[in-house]
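This is what each chain is made of:
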Amino acid sequence: MQVQPRIPDSAQSAHDKVYRGLRTRILHGQIAPGAALTLRGIGREFGVSMTPAREAVQRLVAEGALSMSSSGRVATPELSNERIEELAALRALIEVELASRALPRAHMALIDRLQAIDHHIADVVSNRDAVGYIRANLEFHRTLYLRAQAPAMLAMCETVWLQLGPTMRALYGRLRRTEPPQYHRLIIAALKAGDEPGLRLAVRSDVTQGLRMLAS
């Protein structure tokens, strides 16, 4: 059996630093759709050599967070309407199931936490903070879905979020949102009532309505 060479801790740390930093920016819509990135620019920004920058980019390309052309040009993806519809459908399938699995474990501390996040969302919306809105909105959903205790399903969900990050920023600009998502209140109400059909409907509406408006 061939033993793979061990990556030095320093190299792994540099790779993780770039990967996590870029991943967070893409996830929260801090990079616009179609924005070009260079390995040299990434390395300079994160203070690393070309090798960890290249490894991080390759990992993000594999996750669909970045695209790479045949000429080697790296950019955030510009999603077609068909791709947006596909990812919206995936969100509806995965997130409705996660919410349903979380419902039996939804205690009052969780509901209180979701309400606090929703109040924070109202603040960032009033400040027209697009990145803050996306970050807080994902925190709302992740907080609920962690109660499902379905890590493989949640990982799939986060990969979809990652692919949608830049597009969500564009969607926020189009919606010109002035108040928190109405469906969050319905999600919280369904959790309080133990209403699974109501919860499934509220989550499905919340994760698809805006995306399908963007694709229309």
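See the structure shown above.
Per chain, residue numbering runs from 1 following the sequence as it is written. Under the rules for a predicted model, residues below a pLDDT of 70 receive no local features and side-chain atom pairs below 80 are neither given nor counted, while totals for whole chains, interfaces and linings still include all residues. Values shown for side chains rest on all heavy atoms present in the structure; no hydrogens or waters enter the calculation.

Enquirer: Explain the environment of Ala193 to me, and be specific about the residues and the numbers.
Expert: Its location among the elements puts Ala193 in helix 8 (residues 182-193). Sequence separation between Ala193 and Leu103 is 90 residues; the distance between their C-alpha atoms is 10.0 Å. Note on conventions: DSSP H or I runs of at least 4 residues are helices, E runs of at least 2 residues are strands, and numbering of each starts at the N terminus.

Enquirer: How would you explain the side chain of His28 if you had to name every residue and give the values?
Expert: As for its placement among the helices and strands, His28 is situated in the loop between helix 1 (9-27) and strand 1 (36-37). Only protein chains enter the area calculation, which uses a 1.4 Å probe; residues under 20% of their type maximum are buried, those over 50% are exposed, and those in between are partly exposed. Accessibility expressed as a relative area gives 11% for His28, which makes it buried. The contact rule is simple, with two residues in contact once any of their heavy atoms fall within 4.5 Å. With near-sequence residues (within four places) excluded, His28 lies in contact with Val131, Ile134, Arg135 and Leu138.

Enquirer: Describe in detail the sheet that holds strand 2 (residues 67-68), supporting the description with residues and values.
Expert: In spatial order, the strands read 1-3-2; together these 3 strands make up an open sheet with antiparallel pairing. On the outer flanks of this sheet lie strand 1 and strand 2, each paired with one strand and no other. Following DSSP output, two strands are said to pair if at least two bridges run between them.

Enquirer: Explain the packing of aromatic side chains residue by residue, including any values.
Expert: Ring geometry is summarised as follows: Phe, Tyr and Trp rings, the Trp one being its six-membered ring, pair when their centres sit within 6.5 Å, and such pairs are stacked at plane angles under 30 degrees, edge-to-face over 60 and tilted between the two. Scanning the model with the defined rule gives 1 aromatic pair in all. The ring of Tyr19 carries Arg59 above its face, with NZ or CZ at 3.7 Å from the centroid. Only when the NZ atom of a Lys or the CZ atom of an Arg is both within 6 Å of the ring centre and within 35 degrees of the ring normal do we say a charge sits over the ring.

Enquirer: Describe the nonpolar core, and please don't skip the residues or the numbers.
Expert: Leu144, Tyr145 and Leu191 are the most contacted members of the largest nonpolar core, which has 64 residues in total. At 9 residues, the largest contribution of residues to this core is made by helix 7 (residues 151-175). Residues contacting Tyr145, with those up to four places away along its chain left out, are Glu95, Leu98, Ala99, Leu154, Cys157, Trp161, Val203 and Val207. Note on terminology: a nonpolar core comprises buried Ala, Val, Leu, Ile, Met, Phe, Trp, Tyr and Cys residues joined through side-chain atoms within 4.5 Å.

Enquirer: Provide a residue-level description of unusual backbone geometry, including the pertinent values.
Expert: Positive phi values are uncommon outside glycine, yet Arg128 reaches one of about 55°. Relative to the helices and strands, Arg128 is located in the loop between helix 5 (108-126) and helix 6 (130-146). Within the chain, Gln149 stands out as a residue other than glycine whose phi angle is a positive 55°. Examined against the element boundaries, Gln149 turns out to sit in the loop between helix 6 and helix 7. By relative accessible area, which is 53% here, Gln149 ends up exposed.

Enquirer: Outline the pattern of salt bridges, listing residues and values.
Expert: Take a side-chain nitrogen of Lys or Arg and a carboxyl oxygen of Asp or Glu: if they are within 4 Å of each other, that pair is a salt bridge. Evaluation of the coordinates by the stated rule reveals 9 salt bridges. Across the salt bridge formed by Asp16 and Arg59, the nearest N and O atoms sit 4.0 Å from each other. With Asp16 in helix 1 and Arg59 in helix 3 (residues 50-62), the pair connects residues that are 43 residues apart, well separated along the chain. For Asp16, a relative accessible area of 23% translates into the label partly exposed. When its relative accessible area of 34% is taken as the criterion, Arg59 is described as partly exposed. Across the pair Arg200 and Glu196 runs a salt bridge whose closest N-O atoms are separated by 4.0 Å. Highlighted residues: Arg200 and Glu196, both in helix 9 (residues 196-215), separated by 4 residues, approximately one helical turn. Since its relative accessible area comes to 33%, Glu196 is described here as partly exposed.

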